[in-house]
Amino acid sequence: MNAPARFFETTAPISFGGPQAPSPLAFRWYDKHRIVHGKRLEEHLRFAVCYWHSFCWVGSDPFGGETFLRPWHHGTDPMAMARAKAEVAFELFRLLDVPFFTFHDVDAAPEGKTLAESVQNLNAIADIFEAKMAAQKVRLLWGTANLFSHRRYMAGAATNPDPQVFAYAAGQVRAALEVTHRLGGQNYVLWGGREGYETLLNTDMKRELDQLGRFVSLVVEHKHKIGFPGPILIEPKPKEPTKHQYDFDVATCYGFLERYGLTKDVKLNIEQNHAILAGHSFQHEIALAQALGVFGSLDINRGDDLLGWDTDQFAMNGQELALVFHEILKGGGFTTGGLNFDAKIRRQSIDPDDLIHAHVGSMDACARAFLAASVMLDSGVLTDALKERYAGWDGSEGRAILAGERSLADLADRVLRSSTEPQPRSGRQEFLESLVNRYV
Ligand code: XLS
Ligand code: NI
Ligand code: NI
């Protein structure tokens, strides 16, 4: 089958028009050339369009099937359908003028009857990607393998009770990592889709964790062997599809990486919706990953406050985003990471151009929040208040305690000798919240 002559109504790339731009499809805040903190906005935000939600998802939910009726899902030749999908995907990248995209192996190319056939399909589509990437100057933020949809993975991939499934997953990851490398991918992602369990009646958790540790170590070894320069990223998510996912949150992932000696090569890909499913805020997860030295990249989306599952909506919450970017800028910004739109339009958004509105709206929300964050950081509103709050620890006694120069008895004796009580001070939360509100 051939790609439709024209899928989107829009034909010209979306450009920056300023806050008063009359067209609904213009960037009002995202001026990619604008210099902030010495870098262009485009280099700070590093937007990526994801293949799976935008081109593979058909609009189904647990109660109903396909609503989108994309032409490339209706054909008889799977490779021709994959090529038609690639045409439309690269057309969207061009219209949005995004610097990056992301994909799973099976998003790009159909699975064959054997692993060998699947790898062959993937490489054939990668040839097309390679040519299109060179022509359009769009780059790959990361690639990954889908180790959760096929029924062979129903009991996990790396954590499967059957080593043959583990080996199959290794085969898929080798191919996906090598294709990611060939396409100049900046990172390689492992989301532990079905690495978790439903019931301990049939699960040996210790064994499964050791299997997962071994699997990630094998991926790291292979990355070094082929000279893939980017980090491996694992992606925390607490539940869905399994009840207990092993990569629960940033803290749990960090413990896992430490236990298996992986913190040097493996960082984290943090997603908003997964953070809130874990009972945390997005900002908390990012701040913790930065504090522990494992911050990698972001899947930018938003969950619904009223729903307890992964709705993956486009990020639009200015205040949340501003605090997130403040955290990221404070930590020095992205290196290999970026903002991947792991986000899907709603099931009723059946017009092709809804995909464009979704991305443009969220890119603008991110840009606007980013600009607010950079002003907050420049004026030190939050950072100065923090510095002042912890000033005692920068004094001689605070430093001596942290440097290990005081014993428990030293500290106790010192308090016993002194007659001054510590003086509680206000945490000033409402004052700080109002300060933020001035900028956002
Ligand atoms: C699913 C995950 C997935 C990963 C890539 O919840 O977010 O989309 O980002 O496998
Ligand atoms: Ni994700
Ligand atoms: Ni998600």
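It should be noted that the structure appears before, not after, this text.
None of these values were measured; they are calculated from a predicted model.

Colleague: How should the overall build of the protein chain be read in this particular structure?
Modeller: Along the backbone of the protein chain there are 17 helices and 12 strands. Since a compact globule built from 440 residues should have a radius of gyration of about 22 Å, the 24 Å found for the protein chain is in line with a globular shape. C-alpha extents for the protein chain along the principal axes are approximately 85 × 60 × 45 Å. Evaluated residue by residue, the protein chain yields a buried proportion of 50% over its 440 residues. For the protein chain, the accessible surface area stands at approximately 21000 Å², while carbon and sulfur atoms represent 54% of it. Side chains of the protein chain carry 46 positive and 55 negative charges; the gap between the two charge centres is 3 Å.

Colleague: Teacher, can you tell me more about the nonpolar core here?
Modeller: Within soluble globular proteins, side chains that are nonpolar generally end up buried alongside one another. Counting residues in hydrophobic clusters, the biggest one holds 120 residues, and the most contacted among them are Tyr51, Phe93, Phe101, Phe103, Phe129, Leu298 and Phe325. Among the elements that take part in this core, helix α12 (residues 354-379) stands out by supplying 14 residues, more than any other. Aside from chain neighbours lying at most four places away, what touches Tyr51 is Cys56, Lys85, Ala86, Ala89, Phe93, Phe101, Thr102, Phe103, Asp107, Ala108 and Phe129.

Colleague: Sorry if this is basic, but what is going on with the coordination of the nickel ion (ligand 3) here?
Modeller: Tetrahedral coordination by four donors sets the ideal angle at the metal to 109.5 degrees; octahedral coordination by six donors sets it to 90 or 180 degrees. Around the nickel ion (ligand 3), the donor atoms from the protein are Glu271 (OE), His274 (NE2), Asp310 (OD), Asp310 (OD) and Asp312 (OD), and they sit 1.8 to 2.6 Å away. With relative accessibility at 4%, the residue His274 sits in the buried group.

Colleague: Before we go on, may I ask you to explain the packing of helix α3 (residues 78-96) against helix α5 (residues 115-136) in this structure?
Modeller: Helix-helix packing is described using two parameters, namely the angle between the two axes and the distance between the axes. At a minimum axis separation of 11 Å, α3 and α5 run at an interaxial angle of 25°. Relative to α5, α3 is oriented roughly parallel. Crossing of α3 over α5 shows right-handed handedness. When α3 is examined against α5, the residues Met79, Ala82, Arg83, Ala86, Glu87, Phe90, Phe93 and Arg94 are found in contact with a partner set consisting of Asn121, Ala124, Ile125, Ile128, Phe129, Lys132, Met133 and Gln136. Grouping the constituent residues of the contact of α3 with α5 by class yields 10 nonpolar, two polar and four charged.

Colleague: Looking at this model, I keep getting lost on the site of ligand 1. Mind explaining?
Modeller: Within the structure, ligand 1 sits among Trp52, His104, Trp142, Trp191, Glu235, Lys237, Glu271, His274, Asp299, Asp310 and Asp342. A distance of 2.8 Å separates an oxygen atom of ligand 1 from a polar side-chain atom of Glu271. For ligand 1, whose free accessible area comes to 290 Å², the fraction covered by protein is 95%. Taken together, the residues that form the shell around ligand 1 break down as three nonpolar, two polar and six charged.

Colleague: When you look at the pairing of strand β11 (residues 295-299) in this model, what are you seeing that I'm missing?
Modeller: On a regular strand, one side chain projects to one face of the sheet and the next to the other, so that they alternate. Taking burial as the measure, the five residues of β11 include five buried ones, the bulk of the element. As paired strands, strand β10 (residues 266-271) and β11 are joined by four bridges and run parallel to one another. When the bridges of β11 are listed, Asn269 appears paired with Ser297.

Colleague: Teacher, can you tell me more about the coordination of the nickel ion (ligand 2) here?
Modeller: For the nickel ion (ligand 2), the full set of protein donor atoms is Glu235 (OE), Glu271 (OE), Asp299 (OD) and Asp342 (OD), at a range of 2.0 to 2.1 Å. Taken together, the six donor atoms coordinating the nickel ion (ligand 2) and their angles of 80 to 172° define a geometry best described as octahedral. In primary sequence terms, the donor set of the nickel ion (ligand 2) follows E-x35-E-x27-D-x42-D. Here the nickel ion (ligand 3) and the nickel ion (ligand 2) are spaced 4.6 Å from one another, each receiving a donor from Glu271. Residue Glu235 is located in the loop between β8 (232-234) and β9 (244-245), and its partner Glu271 is located in strand β10; the two are separated by 36 residues in the primary sequence. On the accessibility criterion, Glu235 (4% relative accessible area) is buried. For Glu271, a relative accessible area of 1% gives the class buried.

Colleague: What is the right way to look at the pattern of salt bridges in this model?
Modeller: Close approach of charged atoms allows side chains with opposite charge to pair. Applying the stated criterion across every chain yields a total of 18 salt bridges. We note a salt bridge from Asp210 to Lys206, for which the minimum N-O separation is 2.6 Å. Of this pair, Asp210 and Lys206 both sit in helix α7 (residues 205-226), four residues apart, which is roughly one turn of that helix. Its relative accessible area of 30% is what places Asp210 among the partly exposed residues. In this structure Lys206 comes out as exposed when scored by relative accessible area, which is 51%. Put simply, Asp310 and Lys237 hold a salt bridge, and the shortest N to O gap is 2.7 Å. Linking Asp310 in the loop between β11 and α11 (318-330) with Lys237 in the loop between β8 and β9, this pair joins segments that are 73 residues apart in sequence. Exposure class is identical for Asp310 and Lys237. Each is buried. A network of salt bridges, in which partner residues are shared, links Lys32, Arg40, Glu42 and Asp97.

Colleague: How do you make sense of the packing of aromatic side chains when you look at a structure like this?
Modeller: Each aromatic ring pair is specified by the distance between its two centres and by the angle formed by the two planes. Inspection of every chain in the model, using the stated rule, returns 24 aromatic pairs. An angle of 85° between the planes, with centres 5.2 Å apart, marks the rings of Trp57 and Phe68 as edge-to-face. Taken as a pair, Trp57 in the loop between α2 (51-56) and α3 and Phe68 in the loop between α2 and α3 lie far apart in primary sequence, 11 residues in all. The same class applies to Trp57 as to Phe68, namely buried. Through a chain of ring-to-ring contacts, the aromatic side chains of Tyr51, Phe55, Phe90, Phe93, Phe101, Phe103 and Phe129 assemble into a single cluster. Positioned above the aromatic ring of Phe68 is the side chain of Arg70, whose terminal nitrogen or guanidinium carbon lies 4.5 Å from the ring centre.

Colleague: What am I meant to see in the side chain of Gln272 here?
Modeller: Positionally, Gln272 belongs in helix α9 (residues 272-277). Judged by its relative accessible area of 4%, Gln272 is buried. Every residue in contact with Gln272, bar those within four places of it in the chain, is listed here: Phe282, Asp299, Asn301, Arg302, Gly303 and Glu320.

Quick notes on the rules
- Residues numbered from 1 in each chain as written.
- Chains lettered and ligands numbered in written order.
- Predicted model: local features only at pLDDT ≥ 70, side-chain atom pairs only at ≥ 80, totals over all residues.
- Heavy atoms only, no water.
- Helix = DSSP H or I, 4+ residues; strand = E, 2+ residues; numbered from the N terminus.
- Rg over C-alpha atoms; globule rule 2.2 N^0.38 Å.
- Buried < 20%, exposed > 50% of the residue type's maximum accessible area, 1.4 Å probe, protein only.
- Areas by Shrake-Rupley, 256 points an atom, 1.4 Å probe, with all protein chains shown as cover.
- Lys, Arg positive; Asp, Glu negative; His and termini not counted.
- Charge placed at Lys NZ, Arg CZ, Asp CG, Glu CD.
- Core = buried A, V, L, I, M, F, W, Y, C linked by side-chain atoms within 4.5 Å.
- Contact = heavy atoms within 4.5 Å.
- Donors = N, O, S within 2.8 Å, 3.2 Å for Na, K, Ca; no water.
- Axes fitted to C-alpha atoms, helices over the stretch in contact; angles between N-to-C directions.
- Parallel < 35°, antiparallel > 145°, perpendicular 65-115°, else oblique.
- Left-handed = near helix turned anticlockwise from the far one by under 90°.
- Nonpolar A, V, L, I, M, F, W, Y, C, P; charged D, E, K, R; others polar.
- Near = heavy atom within 4 Å.
- Polar contact = N/O pair within 3.5 Å; in protein donor to acceptor, adjacent residues only side chain to side chain.
- Pairing = 2+ DSSP bridges.
- Tetrahedral: all angles 85-135°; square planar, octahedral: opposite > 155°, others 65-115°.
- Salt bridge = Lys/Arg side-chain N within 4 Å of Asp/Glu carboxyl O.
- Phe/Tyr/Trp six-rings, centres within 6.5 Å; stacked < 30°, edge-to-face > 60°.
- Lys NZ or Arg CZ within 6 Å of the ring centre and 35° of its normal.

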